[in-house]
Amino acid sequence: AAPFIVAAGLVASKVKVRGMDGNSTRDSAFLQALKSIGLSLHATRKSVEVGGRHRLKGTRLDMSWAPELLPLMAVLACRARGKTIIQDAAEARRMKSDRISSISQELRRMRAKVLEQNDGLVIQGPAELKGCEVDCHDDYAIASALAVAGLVASGKTVIKGGADALGTSYSRFVSTFQSLGAEMSYGS
C-alpha cells in the first residue's frame, strides 16, 4: 500500500487504503514518518486515508524499522521543502539492490539533489523532477519508487527493467495505478 499512499500525497489526491493496522508497530512507524514529513492522514484501526493538499517539509527520518521503504521515502523527500535526512537504513544496501545507491543515482538523473551517506541519504528539496530514462536495478522497490516519482516529474519517465521487476512482486501495480487515474503503462 505504501506506493499508493505516497503517490496520493504527492499529487494531492485522495485515497483510502483498507487493511492497514494503525496499531501494528510497523504500520504505526510508517504513518508517523509520513506525518513527520507533512502528509495529512486519517488512520483508523482498519484503514488509512490520505487526502488534500499537503505541506511537505524536510525532516529527519529514522528508517531502521523498514529500510526497504527508503526508496519511496526518498521520492517523498524530493518534494519536501528543506533538507530531509534519511538515516539508520544501512541494511538497505544489502537488499535486492543497494537501494541507497540505486535510488540516489536514479533520482539525481531526474535532477534531485541527493547526497548518499553510509546509512541513508540527505535530500534537499523541493526538487522539480524531470522525466527521463532511469534504471530499476532489477529491484521492485526501486521500480515502484521511480514510478511514483514519474507521476510528479515533468516529461516522460521510462523505467528500464521496471515491467520485469514489478511483474514478479506485484503484477497488478500498473493496472491499480491506472484504476486510480494515473497515466502509467508498461512499455513495449
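These lines cover the structure that appears in this document, whether it is placed above or below. All figures in this text were calculated on a predicted structure; none of them were measured in a lab.

1. What to know about unusual backbone geometry
Thinking step 1. Gly125 connects to Pro126 through a cis peptide bond whose omega is 0°.
Thinking step 2. As for its placement among the helices and strands, Pro126 is situated in the loop between strand 7 (121–125) and strand 8 (133–135).
Thinking step 3. Backbone geometry at Asp88 places phi at a positive 60°, although glycine is not the residue there.
Thinking step 4. When you line up the elements, Asp88 lands in the loop between strand 5 (82–87) and helix 4 (99–109).
Thinking step 5. Among the residues examined, Asp88 registers a relative accessible area of 36% and is labelled partly exposed.
Thinking step 6. The residue Arg111 is not glycine, and still its phi comes out positive at about 80°.

2. Focus on helix 5 (residues 140–152)
Structurally, the α-helix is built with 3.6 residues per turn, so residues lying three or four positions apart point the same way.
Thinking step 1. Over its 13 residues, helix 5 runs 19 Å from end to end, which matches the ideal 18 Å to within 8%, given 1.5 Å per residue.
Thinking step 2. Capping of helix 5 at its N-terminal end is provided by Asp139; its side-chain oxygen lies 2.9 Å from the backbone amide nitrogen of Ala141.

Reading the values: rules and limits
- Residues numbered from 1 in each chain as written.
- Predicted model: local features only at pLDDT ≥ 70, side-chain atom pairs only at ≥ 80, totals over all residues.
- Heavy atoms only, no water.
- Helix = DSSP H or I, 4+ residues; strand = E, 2+ residues; numbered from the N terminus.
- Buried < 20%, exposed > 50% of the residue type's maximum accessible area, 1.4 Å probe, protein only.
- Expected span 1.5 Å × (residues − 1).
- Polar contact = N/O pair within 3.5 Å; in protein donor to acceptor, adjacent residues only side chain to side chain.

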